[in-house]
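# Summary of the model geometry
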Amino acid sequence: MKNPFQKHTVIGIDISDKNIEILHLNGKEIISYARTLLPEGLVRDGIILKKEPLAEVLKKALLSAKPKSIDPSKEKIKVVINLPESKAFFHKIEVRSDNENITKEDVLKEAKKIIPIDLNKANWDYIEIGSRLEDSGYIKDIVFVGTLKEIVDNYKETIEMTGAEIVAVDMESLALGRSLLPSIRKTIKKGSIMIVDIGSRTTNINIFNSQNILSSSIILPIGGGQFTEAIASEMKIDYDKAEQIKREVGFTNTGSDSNASLALQTLFKKITSEILRAIAFYEKENKESIVNIILAGGSSLLPSIDIYMSEETSKDVKLGDPSVVISNTGIFGGKKNPILFSCVIGLALKNIKKEEDIDLFKNDQTYIEKSVEDTPKKSSIKISKIFKNESSKKIFGIVFFIITMSILGFILYKYMLAPQKPKVASEAIDIVEEEIVEATISTSTEEVVLPIIEKEEEINVLILDTPTGWLNVRSGAGTTNEQVDRVSPNEEYLLLEENDNWYKIKINDNTEGWITSQYAEKIINN
């Protein structure tokens, strides 16, 4: 049975498609750690498909934690979880204000202009990353992050089935930043840092400014799985053999398996190309250099990948090292590199650092409630002072009686004793209606000449510069829809349809899709 007076325990839980990791930290010391494999079909790309079975696996994993078991039935367990970047939307917006301060309502108003979903159905948060004063007033640079409320609610319900409760929902990139940036910041205090997280299906490119605030986030549909497939195709071998060669050879361009390295490098150039575009755009827009690239994710352990990327980007590239923020990393298993546990370490650190950060457990209702709570309750304080003694209460009673009687007297005079005005309102309405009818009849007899449309205007869409150097084309109007293609700046496409801040374009005879209007401009061709 839980002790109601017991201090709660905050843990990080990283739930992926294939496994669950749980971590409880006390400072830098690991108190509890657990890892368990997930049966297929419970979670897919950050979406919970089966809540009850997932909750059962979670319960067993919590109880199996070492060296100290975690039992929600005996202690208050509060949980920090994360969502993959693919299930969140990330936007940089500018908010203008007449003074130096902005409100949550100001931010929400600007966000609604560019985000094509109902933010009442989303959990969202934001953080200010810069400001400047122009002739038109103050301009605040805001990072706005959100996800669908339904996704968070599913996690909340699943965690509650275990007897625990969620206190924060993190982004995977923020968790990685929390665990990996300190190792670099020990020696490099200024400049931005890029974290390249190479997963099994996607590669996430995240840039943190000199204040360690996430300022840019890009997702590429390329990951370790595609690397293995490229090697298997090049060497005409099965997937498992290709996976083994990939891990043994990596980017080492020597020996009998050099073809595997060449196949890997050919595919990886797509990633390095996007990294270079992201660096150029960020440094130009933010006037701040990226001084270091940190590698994370399972494929960051491929042999010589840091050397290869350093040559391709001309940047200092290092493998991430979370051992700076925790002490007893041996609990993860002696042969396993701590980089593989960077995400769950970052989640567990969120409670310890208590820094100003994005939290997707919030939504607009949370902000409304918070703003009400934060409003100084001056009027209620003044009223309470009036009632401190009996004489004050009597005075208030007399004043209240006089005001009440005055109002009643006014109502009695107005509606019962005052002279009545002639009732002409209905007659006036009848006259107006007659005039409208007459006008309608006379107009209907006139000859109506319709304009002759010689040729329908054709509207094209010009793709503008983007932070990534390309723009996603999706199956529907919204970032949650499937990506079907990509288009590049300065290209033009026929506009087929509009929906809020999204354009439907025709790419070719076989492909149509939706793009955000944020990076597109309509062009009318006569």
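The paragraphs below set out a description of the structure included in this document. (Residues numbered from 1 in each chain as written. Predicted model: local features only at pLDDT ≥ 70, side-chain atom pairs only at ≥ 80, totals over all residues. Heavy atoms only, no water.)

## So, the overall build of the protein
- Within the protein, the regular secondary structure consists of 13 helices and 23 strands.
- Out of the 526 residues belonging to the protein, those deemed buried represent 43%.
- Restricting to contacts in the protein with at least 6 residues of sequence separation, those with at least 24 account for 65%. (Helix = DSSP H or I, 4+ residues; strand = E, 2+ residues; numbered from the N terminus. Buried < 20%, exposed > 50% of the residue type's maximum accessible area, 1.4 Å probe, protein only. Contact = heavy atoms within 4.5 Å.)

## As for the nonpolar core
- Within the largest apolar cluster, 56 residues are counted, with the highest numbers of intra-cluster contacts made by Ile13, Ile20 and Ile22.
- Among the elements that take part in this core, helix H4 (residues 172-185) stands out by supplying six residues, more than any other.
- Excluding residues within four positions of it along the chain, isoleucine 20 makes contact with Ile13, Asp14, Ile15, Ala34, Arg35, Thr36, Leu38, Leu54, Val57 and Leu58.
- In this structure, Ile207, Ile279, Tyr308 and Met309 belong to the second largest nonpolar core, which totals 27 residues. (Core = buried A, V, L, I, M, F, W, Y, C linked by side-chain atoms within 4.5 Å.)

## Quick notes on the sheet that holds strand S13 (residues 203-208)
- Reading across the sheet, the five strands line up as S14-S13-S12-S15-S16 and stay open at both edges, with mixed pairing between neighbours. Only two strands of the sheet have a single neighbouring strand rather than two, namely strand S14 (214-220) and strand S16 (317-319). Pairs of neighbouring strands in the sheet enclose a mean axial angle of 20°, with direction left out of account.
- As paired elements, S13 and S14 share six bridges and run antiparallel to each other. Directly across from phenylalanine 208, in S14, lies its bridge partner leucine 214.
- Taken strand by strand, H4 contacts strand S12 (192-198), S13, S14, strand S15 (290-296) and S16, and its axis lies near 125° from that of S12. (Pairing = 2+ DSSP bridges. Axes fitted to C-alpha atoms, helices over the stretch in contact; angles between N-to-C directions.)

## Looking at helix H5 (residues 224-235)
- An ideal rise of 1.5 Å per residue puts 16 Å on 12 residues; H5 measures up with 17 Å between its terminal C-alpha atoms.
- Looking at H5, one finds that the buried residues are Gly224, Gly225, Phe227, Thr228, Ile231 and Ala232. Buried residues along H5 cover an arc of 160° about the axis, so they all sit on one side.
- Those residues of H5 that are buried are in contact with S12, helix H6 (239-249) and helix H7 (258-286).
- Two residues or fewer after H5 comes lysine 236, characterised by a positive phi angle close to 55°. (Expected span 1.5 Å × (residues − 1). Arc of directions from axis to C-beta.)

## A word on a nonpolar patch on the surface
- Among the surface-exposed residues, Leu301, Leu319 and Leu340 lie close enough to one another that they form a single nonpolar patch of about 220 Å² accessible area.
- Positionally, leucine 319 belongs in strand S16. (Patch = residues over 30% accessible without salt bridge, like charges linked within 9 Å, V, L, I, M, F, W, Y side chains within 5 Å. Areas by Shrake-Rupley, 256 points an atom, 1.4 Å probe, with all protein chains shown as cover. Salt bridge = Lys/Arg side-chain N within 4 Å of Asp/Glu carboxyl O.)

## Some details on the pairing of strand S11 (residues 165-171)
- Among the seven residues in S11, five count as buried, and that is most of the element.
- Taken together, the six bridges between strand S7 (residues 77-83) and S11 define a ladder with parallel strand orientation. Within the sheet, the bridge partner assigned to asparagine 82 lies in S11 and is aspartate 170.

## Side note on the packing of aromatic side chains
- For the coordinates displayed, the defined rule picks out six aromatic pairs.
- Their ring planes at 50° and their centres at 5.6 Å tell us that phenylalanine 227 and phenylalanine 268 sit as a pair that is tilted. Of this pair, phenylalanine 227 sits in helix H5 while phenylalanine 268 sits in helix H7, and the two are 41 residues apart along the sequence. Accessibility classification places phenylalanine 227 together with phenylalanine 268 in one group, the buried group.
- Ring geometry for phenylalanine 268 versus tyrosine 308: centroids 6.0 Å apart, planes at 70°, classification edge-to-face. You can see phenylalanine 268 sitting in helix H7 and its partner tyrosine 308 sitting in helix H8 (residues 305-313), a full 40 residues away along the chain.
- Members of the aromatic cluster, each reached through a chain of ring pairs, are Phe227, Phe251, Phe268 and Tyr308. (Phe/Tyr/Trp six-rings, centres within 6.5 Å; stacked < 30°, edge-to-face > 60°.)

## Notes on the side chain of serine 215
- Tracing the backbone through its elements, the reader meets serine 215 in strand S14.
- A polar contact is formed between the side chain of serine 215 and the backbone oxygen of isoleucine 213, at a distance of 3.1 Å.
- Dropping the residues within four chain positions of it, serine 215 is found in contact with Phe90, Lys92, Ile129, Val143, Ile207, Asn209 and Tyr282. (Polar contact = N/O pair within 3.5 Å; in protein donor to acceptor, adjacent residues only side chain to side chain.)

## Observations regarding the sheet that holds strand S10 (residues 137-148)
- Strand order in this open sheet of three strands is S8-S10-S9, and the pairing throughout is antiparallel. Each edge of the sheet is formed by a strand with only one pairing partner; in this case those strands are strand S8 (89-97) and strand S9 (122-134). Pairwise comparison of adjacent strand axes, ignoring direction, gives a mean angle of 20° for this sheet.
- Both S9 and S10 contribute to a ladder of 12 bridges, which runs antiparallel. By the bridge assignment for S10, serine 131 is matched with lysine 140.
- Lying on the sheet, helix H2 (residues 104-114) is in contact with S8, S9 and S10; it crosses S8 at an angle near 125°.

## Quick look at H2
- Of the residues making up H2, those classed as buried are Val107, Leu108, Ala111 and Ile114. On an axial view of H2, the arc spanned by its buried residues comes to 125°, and they lie on one face.
- Lining the buried residues of H2 we find S8, S9, S10 and strand S22 (512-516).

## A word on the packing of H7 against H8
- Look at H7 against H8: their axes get within 10 Å of each other, and the N-to-C directions meet at 50°. Between H7 and H8, the angle is such that the two are oblique. By crossing handedness, the relation of H7 to H8 is classed as right-handed. Judged by residue contacts, Gln265, Phe268, Lys269, Thr272, Ile275 and Leu276 of H7 engage Ile305, Tyr308, Met309, Glu312 and Thr313 from H8.
- When grouped by side-chain class, the residues that make up the contact of H7 with H8 number six nonpolar, three polar and two charged. (Parallel < 35°, antiparallel > 145°, perpendicular 65-115°, else oblique. Left-handed = near helix turned anticlockwise from the far one by under 90°. Nonpolar A, V, L, I, M, F, W, Y, C, P; charged D, E, K, R; others polar.)

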